[in-house]
Amino acid sequence: MPRTTLLTTSDIARIVATHGLPAVLSRMVEYLEADYRRWQASRKRRAWPRIRRWA
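In this convention, every chain numbers its residues from 1, walking through the sequence in written order. Only residues with pLDDT of at least 70 get local features here, since the model is predicted, and only at 80 or more are side-chain atom pairs given and counted; chain-wide, interface and lining totals rely on the full set of residues. As a rule here, side-chain values cover all heavy atoms of the structure and leave hydrogens and water aside.

(A) Structural detail: the overall build of the chain. A helix here means a DSSP run of H or I that spans at least four residues, while a strand means a run of E at least two residues long, and both kinds are numbered starting from the N terminus. Across its full length, the chain carries two helices and zero strands. Evaluated residue by residue, the chain yields a buried proportion of 5% over its 55 residues. Reported accessibility uses the Shrake-Rupley method at a 1.4 Å probe radius. Residues are deemed covered only where the shown protein chains occlude them. With the model as given, the accessible surface of the chain reaches about 6100 Å², and the carbon-plus-sulfur share is 60%. Each residue is assigned to one of three classes by its accessible area relative to the maximum for its type, calculated with a 1.4 Å probe on protein chains only: buried under 20%, partly exposed between the two thresholds, exposed over 50%.

Following this line, the structure appears as structure tokens:
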């Protein structure tokens, strides 16, 4: 099972100091947009069960 990396505020500050805030935010947006597109594509392929209401 993949592990999640913990980023502390110190880690984030170091990353931003190294790469610059615009670059960090740009990469975050790129990652989130790609993740959203993958999520939408998998959602369209999968047949979600329908919930029927009681009459």
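So that's the structure; there's more coming.
(B) Quick look at the pattern of salt bridges. A side-chain nitrogen of Lys or Arg and a carboxyl oxygen of Asp or Glu constitute a salt bridge if their distance falls within 4 Å. Throughout the structure, instances matching the rule amount to two salt bridges. Note that R14 and D11 form a salt bridge whose closest N and O atoms lie 3.7 Å from each other. With a gap of three residues between them, R14 and D11 both fall in helix α1 (residues 9–19), about one helical turn apart. The salt bridge involving R38 is made with D35; its shortest N-O contact spans 3.2 Å. In this pair, R38 and D35 both sit in helix α2 (residues 21–45), three residues apart, roughly one turn of the helix. Its relative accessible area of 34% is what places D35 among the partly exposed residues.

(C) Representation of α1 within the structure. Within α1, only zero of the 11 residues are buried, leaving the element largely exposed. Positioned one or two residues after α1, G20 has a phi angle of 95°, which is positive.

(D) Structural context of a nonpolar patch on the surface. For patches, a residue must show more than 30% relative accessible area and have no salt bridge; joins then use 9 Å for like charges and 5 Å for nonpolar side chains, namely Val, Leu, Ile, Met, Phe, Trp and Tyr. On the surface, L7, I12 and I15 cluster together to form a nonpolar patch covering roughly 230 Å² of accessible area. Summarising the element assignment, I15 is placed in helix α1.

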